[in-house]
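Remarks on the overall topology
The primary structure of each chain is shown beneath.
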Amino acid sequence: MASMNIFTPIISLPSNGRNQSSYFPRRRQPISAPFAAVNSPESPPSKPEIELEFIGPKASSDGSYPVDKAKEISGEKLLRNIMLDNKIELYATYGKVMNCGGGGSCGTCIVEILEGKDLLNERTNTELRYLKKKPESWRLACQTIVGNKENSGKVVVQRIPQWKK
């Protein structure tokens, strides 16, 4: 009777030691046009954006005011958050120390809207209380929503307007 070696491999491998099924890459079948159209990722419709320009409170030596720019999706952020995210100075010296952190209880984040007032939300009750004797163009940045998710355009903001009055 022939002796059987229990250590004899059942599957023989090619001389390079690789399994043949993983050695040869599989060929992909071409995708038919109707299937490709159903599963192709279409670019989502772009959301409306608001362009913002922030004019500095003090003129430089040549008489021009510094301008910072930002762009945000309409209706998603408060003006205060846009300014802080873009490192645009929002508060005067007193406001840097004594602001309420965006709660609408201090009135230190006053800005003046020079252009694009129609792209912002209406004045809130908090703004009506704090800005009672101020011009209609003045807003609290912590209460002002930029856009309404449907409109786009440009808003020009004067930072710290009380310095120019």
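Residues numbered from 1 in each chain as written. Predicted model: local features only at pLDDT ≥ 70, side-chain atom pairs only at ≥ 80, totals over all residues. Heavy atoms only, no water.

The helix and strand inventory of the protein stands at 5 helices and 5 strands. Element order for the protein, N to C, with α for helix and β for strand: α-α-β-β-α-α-β-α-β-β. Once local pairs closer than 6 in sequence are excluded, the contacts in the protein between residues at least 24 apart make up 65%. For the protein, the exposed surface amounts to about 11900 Å²; the carbon and sulfur share of it is 52%. (Helix = DSSP H or I, 4+ residues; strand = E, 2+ residues; numbered from the N terminus. Contact = heavy atoms within 4.5 Å. Areas by Shrake-Rupley, 256 points an atom, 1.4 Å probe, with all protein chains shown as cover.)

Taken together, 5 strands build an open sheet; the order of strands is 2-1-5-3-4 and the sheet is mixed. Each edge of the open sheet carries a strand with a single partner, namely strand 2 (67-73) and strand 4 (138-140). Strand-to-strand twist across the sheet, computed as the mean angle between neighbouring axes with direction ignored, equals 35 degrees. Strand direction decides the pairing type here: strand 3 (residues 110-115) and strand 4, joined by 3 bridges, are antiparallel. Bridge pairing links Ile110 to Leu140 in strand 4. (Pairing = 2+ DSSP bridges. Axes fitted to C-alpha atoms, helices over the stretch in contact; angles between N-to-C directions.)

Further remarks concern unusual backbone geometry. One non-glycine residue, Lys149, lies in the positive phi region at around 70 degrees. Of note, Lys149 is situated in the loop between strand 4 and strand 5 (153-159). Despite not being glycine, Ile160 has its phi angle at roughly 45 degrees, a positive value. The exposure class of Ile160 is buried, given its relative accessible area of 2%. (Buried < 20%, exposed > 50% of the residue type's maximum accessible area, 1.4 Å probe, protein only.)

Further remarks concern the environment of Leu140. Inspection of the secondary structure assignment puts Leu140 in strand 4. Residue Leu140 is classed as buried on the basis of its relative accessible area, which comes to 0%. A C-alpha to C-alpha distance of 8.7 Å links Leu140 and Glu112, two positions 28 residues apart in sequence. Non-local contacts of Leu140, meaning those with residues more than four positions away in its chain, are made with Gly107, Cys109, Ile110, Thr126, Glu127, Tyr130 and Leu131.

The next point concerns the nonpolar core. Counting residues in each nonpolar core, the largest one holds 24 residues, and the members touching the most others are Leu52, Phe54, Leu79, Val111 and Val155. Listing elements by their share of this core, those giving two or more residues are strand 1 (49-55), helix 3 (79-85), strand 3, strand 4 and strand 5. Discounting chain neighbours no more than four positions away, the residues touching Leu52 are Asp68, Lys69, Ala70, Glu72, Leu79, Ile82, Val146 and Val155. (Core = buried A, V, L, I, M, F, W, Y, C linked by side-chain atoms within 4.5 Å.)

Right, let's talk about the pattern of salt bridges for a bit. In the structure shown here, the tally under the stated rule is 10 salt bridges. Of the charged contacts in the structure, one is a salt bridge between Asp85 and Lys77, with a shortest N-O distance of 2.5 Å. The class for Asp85 is partly exposed, based on a relative accessible area of 47%. Glu127 is paired through a salt bridge with Arg139; the nearest N and O atoms lie 2.7 Å apart. Of this pair, Glu127 sits in helix 5 (residues 125-130) while Arg139 is found in strand 4, placing the two residues 12 residues apart along the sequence. (Salt bridge = Lys/Arg side-chain N within 4 Å of Asp/Glu carboxyl O.)

Moving on, we get to the side chain of Glu127. For Glu127, a relative accessible area of 0% corresponds to the buried category. When sequence neighbours within four positions are dropped, the list of residues in contact with Glu127 reads Glu122, Lys132, Arg139, Leu140, Gln143 and Thr144.

Looking now at the environment of Glu136. When you line up the elements, Glu136 lands in the loop between helix 5 and strand 4. Taking the relative accessible area as the measure of exposure, Glu136 reaches 52% and is therefore exposed. For the pair Glu136 and Arg123, spaced 13 residues apart in sequence, the C-alpha to C-alpha distance is 9.2 Å. Look past the residues within four positions of Glu136 in its chain and what remains in contact with it is Lys117 and Arg123.

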